[in-house]
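# Residue-level structural notes
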Amino acid sequence: MNLEFDLKAISINALKNAAYSFLGDYEFQFKTSGTNVQVTITPLKNGLIQPDIASIYRNAALDHQIRIETEKDYRVIREMIVAQAFEPCDNVDELVQKIKP
Amino acid sequence: MSEFPYRFLPFRFERFDRSILLANDVGEFCFLDSTVFDRFIHRQLSPSEEMFKNLKSKRFLFDDHLPEIIEQLAIAYRTKKQFLFDFTTLHMLVVTQRCNQNCLYCHAVSKSQDSDTCETDMSLETAHRCVEMALMSPAPSIKIEFQGGEPLIAFGVIRSIVDTANTLNENIGKNIEFVICTNLTLISAEIIDFLLQNKNISISTSLDGPESIHDACRCDRAGVGSYRVFKDKFRLLQSSIGKERISALMTVTPYNLERLKEVVNEYVESGFNSIFLRPLNKFGAAQVNWGKLNYNVDDFLVHFKEILDYIITLNLKGHYFPEVYTTILLTRILTPYSTGFVDLQSPAGTGISGVIYDYNGDVYVSDEARMLQRTTGDRHFCIGNVHKNTWGDIFCSSQLKEIVDKSCIESLAGCAWCVFQPYCGGDPVNNYAEQGEIYGHRYANEMCHRHKGVFNLLFEYLRKNDPEIMDVFWSWIMNKPINQIAISPGSYAAV
């Protein structure tokens, strides 16, 4: 099964992350051409492919795109929280000023 | 629609039936309708909306005061990871490999009682060295757990270890607890006297259900079921040291999977105050007998839900009787605290929270690591020997650091974006045994499948938010009968 995606709408990382949970049953191949990517899904066992795999995979990829987009907003904050938890610093205010957009 | 100027704080999400479950790194969670979720991620929630205030108070978004929020979340995160500050608290000692039983699922690959003791029992010299090693742990409180085989076969070694630890500890001042993991069949007057003299020793035993279930897997070397002896010794022990010092684990097998209600009734009738529904580990004899013992994870989850509903009903009738695994997970989900369950934490508890000293002084990062060695000869998780290595050699080794490093689920594929990650943990030994490498593959991992199933079940209860069930859950978390924690006193009977 081949699925087409537009890289302007969804990133290759979202497509790969979404593939992860299916790897026990399917092999995924990604072919990029310009801003398009073709995802080829091949069943590993007995050649059977789940009928709704395309919609399940597309929805999973969209959710991963949301994760990637929202993480851009909070990634540095998460790193600061973990750093502050284990090695507290006394200049959090200054560091926060640096990460403001 | 215009965007509002709020920003996101770290969170994970998963579609949960018709709604979205959000959880942040410190375990706070909420359910959103999918349309509200869409508005949330597109920054379309107005600050005047209740949902905005809810998400802000639960620290999924912020519009101001970021330094203070980072401080608060850092404190909450540190609290959740408190187990890291104590370092190794659980020290398991295999005082003998010999056992008078021959259980169908024996993880430890025990040897017969008449085996050569030089090849099976811990020497007093090794025992002394293990105690010294355990007391070097920086943890202010430690637990020394006696494992086997059947540890009471080597009761003399246990006595020596307890005496040595108590004596050495006079100058160290740690809180020490001891646990003997025993099938109870060798309990004697001498052992009871010893337990009466040493109040900091508790007993952990095994009971798989009523006689027909228990004896299906737990027989002596001649193939005779152990239930009747177990019950006699249990009553003797209970009447002498009290039921508070005795707990039991049950192992879920195909023999009791569909009869868990009978198992729970057996526990209640025997006077146990809780039950731990423990799935079978595929190690040792369990691996050899896997054809007889295997069951499907989905079947486990179906029966787990049924029995949890039954246990909740018992509690609502006034019997305080928690399911221990559920209680651990609920404590992680509903409170800010860390729990001491070494089998499910990130980084994994291997070596840094719990460690096991084999009869010959070899040190393994977990009981499963020792079982792996017994089953396959693979010493991948052996991190030293008490006679050859110092505490620093063993616990600061690059080998242990690598194991711990690879067990941080925050950075593992599949776990990194899992909504249940704040409550879950890694199991590098199981990954290695099942899948051939420490990282493991979540998409084909039975443990992951099972944990996700249990988390889904618990979050379904939490989403429904039934006041009575929530009272039961809080009674388990607070370790008090339901009639002592309910908002309306007298709502529940006391039994």
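Not measured: the values here are computed from a predicted model.

Procedures and definitions
- Residues numbered from 1 in each chain as written.
- Chains lettered and ligands numbered in written order.
- Predicted model: local features only at pLDDT ≥ 70, side-chain atom pairs only at ≥ 80, totals over all residues.
- Helix = DSSP H or I, 4+ residues; strand = E, 2+ residues; numbered from the N terminus.
- Rg over C-alpha atoms; globule rule 2.2 N^0.38 Å.
- Buried ≥ 20, exposed ≤ 12 C-beta atoms within 10 Å, placed from the backbone.
- Contact = placed C-beta atoms within 7 Å.
- Pairing = 2+ DSSP bridges.
- Axes fitted to C-alpha atoms, helices over the stretch in contact; angles between N-to-C directions.
- Expected span 1.5 Å × (residues − 1).
- Arc of directions from axis to C-beta.
- Domains from an automatic or database assignment.
- Nonpolar A, V, L, I, M, F, W, Y, C, P; charged D, E, K, R; others polar.
- Core = buried A, V, L, I, M, F, W, Y, C linked by C-beta atoms within 7 Å.
- pLDDT = per-residue confidence, 0-100.
- Parallel < 35°, antiparallel > 145°, perpendicular 65-115°, else oblique.
- Left-handed = near helix turned anticlockwise from the far one by under 90°.

A count of helical and extended segments in chain B gives 21 helices and 14 strands. Relative to its length of 495 residues, chain B is compact, with a C-alpha radius of gyration of 24 Å against a globular reference of 23 Å. Taken along its principal axes, the extent of the C-alpha atoms in chain B is 80 × 50 × 45 Å. Within chain B, the fraction of its 495 residues that count as buried is 45%. Pairs at least 24 residues apart make up 71% of the contacts formed inside chain B by residues separated by at least 6 positions.

Residues and elements named next belong to chain A. Taken in spatial order, the three strands line up as 1-3-2 in an open sheet, and their pairing is antiparallel. Looking along the sheet, the strands with just one partner apiece sit at the ends: strand 1 (2–6) and strand 2 (26–33). Between one strand and the next, the sheet's axes are offset by a mean angle of 20°, whatever the strand orientation. Judged from the eight bridges that link them, strand 2 and strand 3 (residues 36–43) form a sheet pairing that is antiparallel.

The next subject is helix 9 (residues 227–241) of chain B. Because each turn of an α-helix spans 3.6 residues, side chains separated by three or four positions end up pointing in the same direction. Residues and elements named next belong to chain B. Over its 15 residues, helix 9 extends 20 Å from the first C-alpha to the last, a length consistent with the 21 Å expected when each residue adds 1.5 Å. Taken together, the buried positions of helix 9 are Y227, F230, K233, F234 and L237. Each buried residue of helix 9 lies within a common arc of 130° when the element is viewed along its axis, so the set occupies one face. In this structure, helix 9 carries R235 and S239 as exposed residues pointing more than 90 degrees from its buried face. Packed against the buried residues of helix 9 are helix 7 (189–197), strand 9 (201–206), helix 8 (211–217), strand 10 (246–252) and helix 10 (260–270).

All names here are of chain B. Per the domain assignment, the segments of chain B are domain 1 (7–80) and domain 2 (86–392). A C-alpha centroid distance of 40 Å is found between domain 1 and domain 2. The interface is formed by four residues belonging to domain 1 together with five residues belonging to domain 2. Per-class residue counts for the side of domain 1 that touches domain 2 are one nonpolar, two polar and one charged.

Our next topic: helix 15 (residues 367–376) of chain B. Residue and element names in this part refer to chain B. The element helix 15 is extensively covered by neighbouring structure, given that eight of its 10 residues are classed as buried. Burial in helix 15 covers these residues: D367, E368, A369, R370, M371, L372, R374 and T375. Its buried side turned inward, helix 15 meets strand 6 (90–94), strand 7 (141–147), helix 11 (285–288), strand 12 (354–357), strand 13 (362–364) and helix 18 (428–435). The first or second residue beyond helix 15 is G377, which carries a positive phi of 85°.

This paragraph deals with the interface of chain B and chain A. Across the boundary between the two partners, chain B contributes 21 residues, which contact 21 residues of chain A. Of all elements in the fold, only strand 1 (7–8) and helix 3 (66–80) of chain B reach the threshold of two or more residues within the side of chain B that touches chain A. Take the side of chain B that touches chain A: its biggest share by element is eight residues, from helix 3 of chain B. Here the residues of the side of chain B that touches chain A sort into 14 nonpolar, two polar and five charged.

Moving on to the sheet that holds strand 2 (residues 11–16) of chain B. Residues and elements named next belong to chain B. Pairing within the open sheet is antiparallel, and its three strands lie in the order 2-3-4. Where the open sheet ends on each side, the last strands, each with one partner, are strand 2 and strand 4 (29–33). When the angles between neighbouring strand axes are averaged without regard to direction, this sheet yields 25°. Bridge analysis of strand 3 (residues 19–24) against strand 4 gives five bridges, and the strand direction is antiparallel. Paired with S19 across the two strands is D33, which belongs to strand 4.

Moving on, we get to the nonpolar core. If you look at the biggest cluster of nonpolar residues, it comprises 142 residues, and the most contacted ones within it are B:L22, B:L93, B:V95, B:I161, B:I180 and B:V365. Summarising the domain contributions, this core has at least three residues from each of domain 1 (7–80) and domain 2 (86–392) of chain B. With residues near it in sequence (within four places) discarded, B:I180 still touches B:F146, B:P151, B:L152, B:I158, B:I201 and B:I203. In this structure, A:L15, A:V39, A:Y57 and A:A61 belong to the second largest nonpolar core, which totals eight residues.

On to the confidence of the model for chain A, then. When pLDDT is low, close inspection of the predicted coordinates is not appropriate. Predicted confidence across chain A gives a mean pLDDT of 89, with 90% of residues reaching 70 or more. Across chain A, helix 1 (residues 12–20) of chain A holds the top mean pLDDT of 97, while helix 3 (residues 92–99) of chain A sits lowest at 69.

Glancing now at the environment of B:P67. Take B:P67: it is sitting in helix 3. Measuring from C-alpha to C-alpha, the distance between B:P67 and B:T89 comes to 34 Å, with 22 residues separating the pair along the chain.

Right, let's get into unusual backbone geometry. Residues and elements named next belong to chain B. A cis amide bond, omega 10°, links G148 with the succeeding residue G149. Tracing the backbone shows G149 in the loop between strand 7 and helix 6 (155–169). A positive phi angle is found at D17, which is not glycine, with a value near 60°. Residue class for D17 comes out exposed when judged on the 11 C-beta atoms lying within 10 Å of it. Its identity as a non-glycine residue notwithstanding, N465 has a phi of 55°, on the positive side. Relative to the helices and strands, N465 is located in the loop between helix 19 (446–464) and helix 20 (467–477).

Residues and elements named next belong to chain B. Running from amino to carboxyl end, helix 5 (residues 124–135) crosses helix 6 at an angle of 40°, the nearest separation of the two axes being 9 Å. As far as their axial angle goes, helix 6 and helix 5 are oblique. Helix 5 and helix 6 meet at a crossing whose hand is right-handed. Listed contacts from helix 6 to L124, A127, H128, V131, E132 and L135 of helix 5 are V157, S160, I161, T164, A165, L168 and N169. A breakdown of the residues in the contact of helix 5 with helix 6 according to their chemical character gives eight nonpolar, four polar and one charged.

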